[in-house]
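Each chain, letter by letter, is given below.
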Amino acid sequence: MEVLDAIPLAKDADGVYRVGGTRVTLDVVVRAFNRGATAEEIAQEFSSLQLSDVYQVIGYYLKHSGELADYFATRERAENELLAAHRDEWSPRGFRERLLARRKKP
């Protein structure tokens, strides 16, 4: 069987899959799809994505979800670690006060 098009996924230096030469990650597309977004809605949400790339990536995910399970688990752990490390810094509590304090600084 001849392959007509390659799946538009590339792994970057950090081991993160990016879609169609963009900064949009595979896990972001899959998370949106699993929440019920259509390929069209995902392409509209991320204007740097081509609709055809979104369809191909979703198809690849559906066909290879078992193989990608470790990748998604690793990405989720990394995300949780990052959020935990910056919980206070990124907290909405006190956000207004932090912005006002920045405004007052010369």
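Quantities reported herein were computed from a predicted structural model and do not represent experimental measurements.

Draft legend 1. Broad picture of helix H1 (residues 26–34). The complete set of buried residues in H1 reads Leu26, Asp27, Val29, Val30 and Ala32. At its buried positions, H1 is contacted by strand E1 (9–11), strand E2 (17–19), helix H2 (39–45) and helix H3 (51–85). Positive backbone phi, at 110 degrees, marks glycine 36, one or two positions downstream of H1.

Draft legend 2. Quick look at the packing of aromatic side chains. Under the defined criterion, the tally for this structure stands at 3 aromatic pairs. Between tyrosine 17 and tyrosine 71 the ring centres are 4.9 Å apart and the planes differ by 70 degrees, which places this aromatic pair in the edge-to-face class. Taken together, the positions of tyrosine 17 in strand E2 and tyrosine 71 in helix H3 put the pair 54 residues apart, joining distant regions of the chain. A centroid spacing of 5.8 Å and a plane angle of 80 degrees characterise the contact between tyrosine 61 and phenylalanine 72, whose relative ring orientation is edge-to-face. One exposure class covers both tyrosine 61 and phenylalanine 72, and it is buried.

Draft legend 3. Here's a closer look at the packing of H1 against H3. For the pair H1 and H3, interaxial distance at closest approach is 9 Å and the crossing angle is 110 degrees. Relative to H3, the element H1 is oriented roughly perpendicular. In this structure, H1 uses Leu26, Asp27, Val29, Val30, Arg31, Phe33 and Asn34 to contact H3, whose residues at the interface are Val54, Val57, Ile58, Tyr61, Leu62, Leu68, Tyr71, Phe72, Arg75 and Glu79. Partitioning the contact of H1 with H3 into residue classes produces 12 nonpolar, 1 polar and 4 charged.

Draft legend 4. Main features of the pattern of salt bridges. Using the criterion set out here, one finds 3 salt bridges in the structure. Measuring nitrogen to oxygen at the nearest pair gives 3.1 Å for the salt bridge that ties arginine 18 to aspartate 12. Classification of arginine 18 as partly exposed rests on a relative accessible area of 25%. We classify aspartate 12 as partly exposed; its relative accessible area is 24%. A salt bridge links aspartate 27 to arginine 75, with the nearest nitrogen and oxygen atoms 3.1 Å apart.

Conventions adopted
- Per chain, residues are indexed from 1 in the order of the written sequence.
- Per-residue local features are limited, in this predicted model, to residues with pLDDT of at least 70; the limit for side-chain atom pairs, both in listing and counting, is 80 or more; totals at the level of whole chains, interfaces and linings are taken over all residues.
- Each side-chain value is worked out from all heavy atoms of the structure, with water and hydrogens disregarded.
- Buried residues are those whose accessible area, probed at 1.4 Å on protein chains only, stays under 20% of the maximum for their type, while exposed residues exceed 50% and partly exposed ones sit between those limits.
- A run of H or I in DSSP becomes a helix once it reaches four residues, and a run of E becomes a strand once it reaches two; helices and strands are each numbered from the N terminus.
- Working rule for contacts: check all heavy atoms of both residues, and any pair within 4.5 Å makes them a contact.
- Whether two aromatic rings pair depends on their centres lying within 6.5 Å, for rings of Phe, Tyr and Trp, where Trp uses its six-membered ring; planes under 30 degrees apart make the pair stacked, over 60 edge-to-face, and the rest tilted.
- A fitted line through C-alpha atoms serves as each axis, taken over the contacting stretch for helices, and the angle formed by two N-to-C directions is quoted from 0 to 180°.
- When an angle is under 35 degrees it counts as roughly parallel; over 145 it counts as roughly antiparallel; between 65 and 115 it counts as roughly perpendicular; any other value is oblique.
- Residues are grouped as follows: Ala, Val, Leu, Ile, Met, Phe, Trp, Tyr, Cys and Pro are nonpolar; Asp, Glu, Lys and Arg are charged; every other residue, Gly included, is polar.
- By definition here, a salt bridge exists when the distance from a side-chain nitrogen of Lys or Arg to a carboxyl oxygen of Asp or Glu is within 4 Å.

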